[in-house]
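Structural description and commentary
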Amino acid sequence: MSHQVLVMDSGIGGLTVHREIIKLIPDITCHYLADNGFFPYGTKTEQALEERMELLIRRITKQHAIDAVVIACNSASTAVLDYLRERFEFPFIGVVPAIKPAAKLTKNKKIGLLATEGTVNRPYTDKLIAEFASDCEVIRVASQPLVTMAEMKLNGLPTDINALQEIIQPLINAAVDTCVLGCTHFPWFRNEFKLIAPYIEWIDSGEAIARRLEQVLLPIKDNCDKSSTDYPVFFYTGNSYEQDFTKNLSFNITKIEFN
Ligand code: DGL
């Protein structure tokens, strides 16, 4: 039996992290939770996110022997990691904007941060910038519509390239040479961003999170005590997805109901 991990987000953003995990650790059982019923996370308060995520994690870990949880969402990770770590015994891995690698990569010392309203405005992000990019100019662009556009893209709807261009225009105007995709939904537009601004390096944390998870799992014995599954489950709340984009990931799809 392989390690069982839960990757969670407000929707399909965290799948950009999930795909890096299964690429690096193919024998893992990687469950996914899309919390559609509470979408979006980027505008929610810290307290609302804490309560919601604790509830969902308790529900899932009652039935599945989870070895680690990946909060594949910058908006939640920059707010609730400490809270969750205090309440559960298994390890949590969070996703935070890739400011540190961006500061190493930039040549002109101008970095963009494209993220949700929550992430852009969190004290956690201020600290990251002060610690790792104090010698850079960081241009922050918050976009909630981009999160919805990513959900629409994965539901099979066409992307409006002009709308994308408008969202990233402040970064182009500021002449950033490196841009942090500080929301896990945004790597779904990497190709489009590259097409609009090929001279910008678009970076995210997906691969780094997969490497971190691999390290965290090393000392953990596979948890076989509880009744466990060896197939990955795609949990969701709220509306189901119209497009079966999970087909080639061979997930079992399960809705989490609330009374
Ligand atoms: N994908 C998430 C993030 O990384 C959440 C987006 C949202 O629901 O607002 O921030």
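Just so it is clear, the model here is predicted, and its values are computed rather than measured. (Residues numbered from 1 in each chain as written. Predicted model: local features only at pLDDT ≥ 70, side-chain atom pairs only at ≥ 80, totals over all residues. Heavy atoms only, no water.)

Points about unusual backbone geometry
The amide bond that connects phenylalanine 39 to the next residue, proline 40, takes the cis arrangement and shows omega of -5 degrees. Assignment of secondary structure puts proline 40 in the loop between β2 (29-34) and α2 (46-63). Of note, the phi angle at lysine 109 is positive, near 65 degrees, even though the residue is not glycine. For alanine 175, which is not glycine, the phi torsion reads 60 degrees and is therefore positive. Tracing the backbone shows alanine 175 in the loop between α8 (161-173) and β7 (178-181). Judged by its relative accessible area of 39%, alanine 175 falls in the partly exposed class. (Helix = DSSP H or I, 4+ residues; strand = E, 2+ residues; numbered from the N terminus. Buried < 20%, exposed > 50% of the residue type's maximum accessible area, 1.4 Å probe, protein only.)

What about the pattern of salt bridges?
It is possible for side chains of opposite charge to pair when their charged atoms get near one another. Inspection of the entire model under this criterion finds 11 salt bridges. As a salt-bridge pair, arginine 87 and glutamate 54 come within 3.9 Å of each other at their nearest N and O atoms. Of this pair, arginine 87 sits in helix α3 (residues 74-87) while glutamate 54 sits in helix α2; the two residues are 33 residues apart in sequence, bridging distant segments of the chain. Taking the relative accessible area as the measure of exposure, arginine 87 reaches 34% and is therefore partly exposed. Residue classification places glutamate 54 among the buried residues on the basis of a relative accessible area of 15%. Here the residues in one salt-bridge network are Glu54, Arg58, Glu86 and Arg87, joined through shared partners. (Salt bridge = Lys/Arg side-chain N within 4 Å of Asp/Glu carboxyl O.)

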